[in-house]
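The residues making up each chain are set out below.
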Amino acid sequence: MTAKIISGTEISAQIREELKEKVKELKGKGVTPGLVMVRVGEDPASVSYVKGKSKASEEIGIYSETIVFPEDAKEEEVLAKVEELNKDLKFHGILVQLPLPKHIDTSKVLNTIVPEKDVDCFHPVNVGKLLIGEPTFMPCTPQGVQQLLVRSGYDPGGKHVVICGRSNLNGKPLAAILVQKKSGANATVTICHTGTKDLPSITRQADILVAAMGAPKAITADMVKEGVVVIDVGVNRIPDATKKSGFRLVGDTDFDAMMEKAEAITPVPGGVGPMTVTMLMANTVRAAEMQSGLAK
Ligand code: GUN
């Protein structure tokens, strides 16, 4: 068996086309969705991520601005800027790129964003709403995982989804999304983590395995059953002398071996990654609809 590739690049492109149409419609009603990104410092990954989000905004027709603070910016300055952006009607979504420098209290900054503009879905109010199944934004990467499954014909309903990794960014919110009694969800969900005993005995029960622990190729083919659907959230740099950059990206699963055993799998790169940015765009459009009273 050779696994089918679930292409995040292709599914992302399809969703972006849908979003372009929605933005056109909103603009026709006098509303231009606006996203503001706040970056503190020059962490190369953050610079690149924010650039990608800005480019995607432009492609879809979302107005975006990026505000950059120096690495040594004071916490009060960042908080004051967030307060100002909360009131700025141009922006329906506010994103503070993480990680923040150590001297800044991340929770304090994220909790200052008004929940209505929290397009990352990091505010405790939105996380709480997500858990109890109230309509809210869904965090971008877990929402991207759900879309990848649903749009490639692997509805999680009634399936056993095993999530490896319990982060607040991925594992925990994904479990909250997939366990809801809703279409595109309604799964039996197990979360595994570093305290899990006999991990392979649990991963082998997975109909859908989500690897989100941040450990290169940690889930090997002997740890899954034949016909599993694998969603690999991992993005790990490993040394590769044949590349100009000196490294290449791999996921948290052993992709080549999984190709022989899985029914379907997401590649790294080109799987979950492009979906994260696309879901941020979807949340921004949704925020604009809700704040302008145009939500259906
Ligand atoms: N840093 C890494 N991933 C993310 C994300 O999804 N949102 C924000 N704001 N920062 C990140």
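First, a word on what this report is: a plain description of the structure on this page. Small disclaimer: the values here were computed from a predicted structure and weren't measured. (Residues numbered from 1 in each chain as written. Predicted model: local features only at pLDDT ≥ 70, side-chain atom pairs only at ≥ 80, totals over all residues. Heavy atoms only, no water.)

**Observations concerning the overall build of the protein chain**
Heads up, the rule is: In this text, helices come from DSSP runs of H or I with a minimum length of four residues, and strands from runs of E with a minimum of two, each type numbered from the N-terminal end. For accessible areas, the Shrake-Rupley method is used with a probe of radius 1.4 Å. Any residue's cover is judged against the shown protein chains and nothing else. The charge count treats Lys and Arg as positive and Asp and Glu as negative. His and the chain ends do not count. Positions of charges follow a simple convention, taking NZ of Lys, CZ of Arg, CG of Asp or CD of Glu.
Each helix and strand in the protein chain was counted, giving ten helices and eleven strands. In terms of overall dimensions, the protein chain has C-alpha extents of about 55 × 45 × 35 Å along its principal axes. Total accessible area on the protein chain is roughly 14,000 Å²; 54% of this is exposed by carbon and sulfur atoms. Here the protein chain contributes 36 positive and 36 negative side-chain charges, whose respective centroids are spaced 2 Å apart.

**A look at empty space enclosed by the protein**
Quick note on the threshold: The pocket and cavity definitions rest on a 1 Å grid over protein atoms only: a 1.4 Å probe that fits but cannot leave marks a cavity, an open set with protein on both sides within 12 Å along at least five of seven lines marks a pocket, and residues lining either have an atom within 4 Å of a point. Grid points are joined across faces, edges and corners, and a volume is the space filled by probe spheres set on the points. When residue character is reported, Ala, Val, Leu, Ile, Met, Phe, Trp, Tyr, Cys and Pro are called nonpolar, Asp, Glu, Lys and Arg charged, and the others, Gly included, polar.
A full pass over the atoms with the stated rule returns one cavity of 30 Å³ or more. Surrounding the largest cavity, K22, E25, L26, K29, E289, L294 and K296 form its lining. If you tally residues by element for the lining of the largest cavity, the top one is helix α1 (residues 8-28), at three residues. Class assignment of the residues belonging to the lining of the largest cavity gives a composition of two nonpolar, no polar and five charged.

**A short note on the side chain of T278**
Selection rule: Residues count as neighbours in contact if any of their non-hydrogen atoms are within 4.5 Å of one another.
Positionally, T278 belongs in helix α10 (residues 272-291). When sequence neighbours within four positions are dropped, the list of residues in contact with T278 reads S12, I15, R16 and L19.

**Remarks on the environment of H160**
In plain terms, the rule: Pairing of N or O atoms within 3.5 Å defines a polar contact, subject to two protein rules: one partner must be a possible hydrogen donor and the other a possible acceptor, and residues neighboring in sequence count only if both atoms are side-chain atoms.
Tracing the chain through its elements places H160 in strand β5 (residues 160-164). Sequence separation between H160 and S292 is 132 residues, and the spatial gap between their C-alpha atoms is 39 Å. Ignoring any residue separated from it by four or fewer positions in sequence, one finds H160 in contact with T188, T190, Q205, A206, D207 and I208. Within the structure, the side chain of H160 is placed 3.4 Å from the backbone oxygen of Q205, a separation counted as a polar contact.

**Observations concerning the packing of α1 against helix α2 (residues 44-60)**
Inclusion rule: The convention used is that axes are lines fitted to C-alpha atoms, helices contributing only their stretch in contact, and that angles between N-to-C directions extend from 0 to 180 degrees. In these notes the angle categories are as follows: under 35 degrees is roughly parallel, over 145 is roughly antiparallel, 65 to 115 is roughly perpendicular, and the rest is oblique.
Here α1 crosses α2 at 60°, and the two axes come no closer than 9 Å. One finds that α1 runs oblique with respect to α2. Residue-level inspection shows R16, L19, K20 and V23 of α1 in contact with α2, the latter providing A56, E59 and I60. Across the contact of α1 with α2, the residue classes tally to four nonpolar, no polar and three charged.

**Some remarks on the packing of α1 against α10**
Convention followed: Crossing handedness is defined as follows: a turn of the near helix away from the far one that is anticlockwise and smaller than a right angle gives a left-handed crossing, while the clockwise case is right-handed.
The N-to-C vectors of α1 and α10 enclose an angle of 20°; their axes lie 9 Å apart at closest approach. By the angle between their directions, the pair α1 and α10 is classed as roughly parallel. Both α1 and α10 take part in a crossing whose hand is left-handed. Two secondary-structure elements touch here, α1 through G8, T9, I11, S12, I15, R16, L19, K22, V23 and L26 and α10 through P274, M275, V277, T278, M279, M281, A282, V285, A288 and E289. A per-class count over the contact of α1 with α10 returns 13 nonpolar, four polar and three charged.

**Looking at the nonpolar core**
Note the threshold: Nonpolar cores are built from buried Ala, Val, Leu, Ile, Met, Phe, Trp, Tyr and Cys residues. Side-chain atoms within 4.5 Å join them into one set. The buried label applies to any residue whose accessible area, calculated with a 1.4 Å probe on protein chains only, is under 20% of its type's maximum; exposed applies above 50%, and partly exposed to all values in between.
In terms of nonpolar packing, the biggest core is built from 48 residues, with I6, L35, V145, V210 and M281 touching the most fellow members. Each residue touching V210, except ones within four places of it in the same chain, is listed here: V145, V161, V162, I163, C164, L174, I231 and V233. Counting residues in each nonpolar core, the second largest holds 18 residues, with V40, V82, L85 and F91 among its members.

**As for the pattern of salt bridges**
Keep this limit in mind: By convention in these notes, a salt bridge is any Lys or Arg side-chain nitrogen within 4 Å of a carboxyl oxygen on Asp or Glu.
This model, assessed by the stated rule, comprises eleven salt bridges. Residue K108 pairs with E75 through a salt bridge whose shortest N-O separation is 3.0 Å. Placement of K108 in helix α4 (residues 106-112) and of E75 in helix α3 (residues 75-87) is noted, with a sequence separation of 33 residues between them. One salt bridge connects D207 with K225, and the closest N-O pair in it is separated by 2.7 Å.

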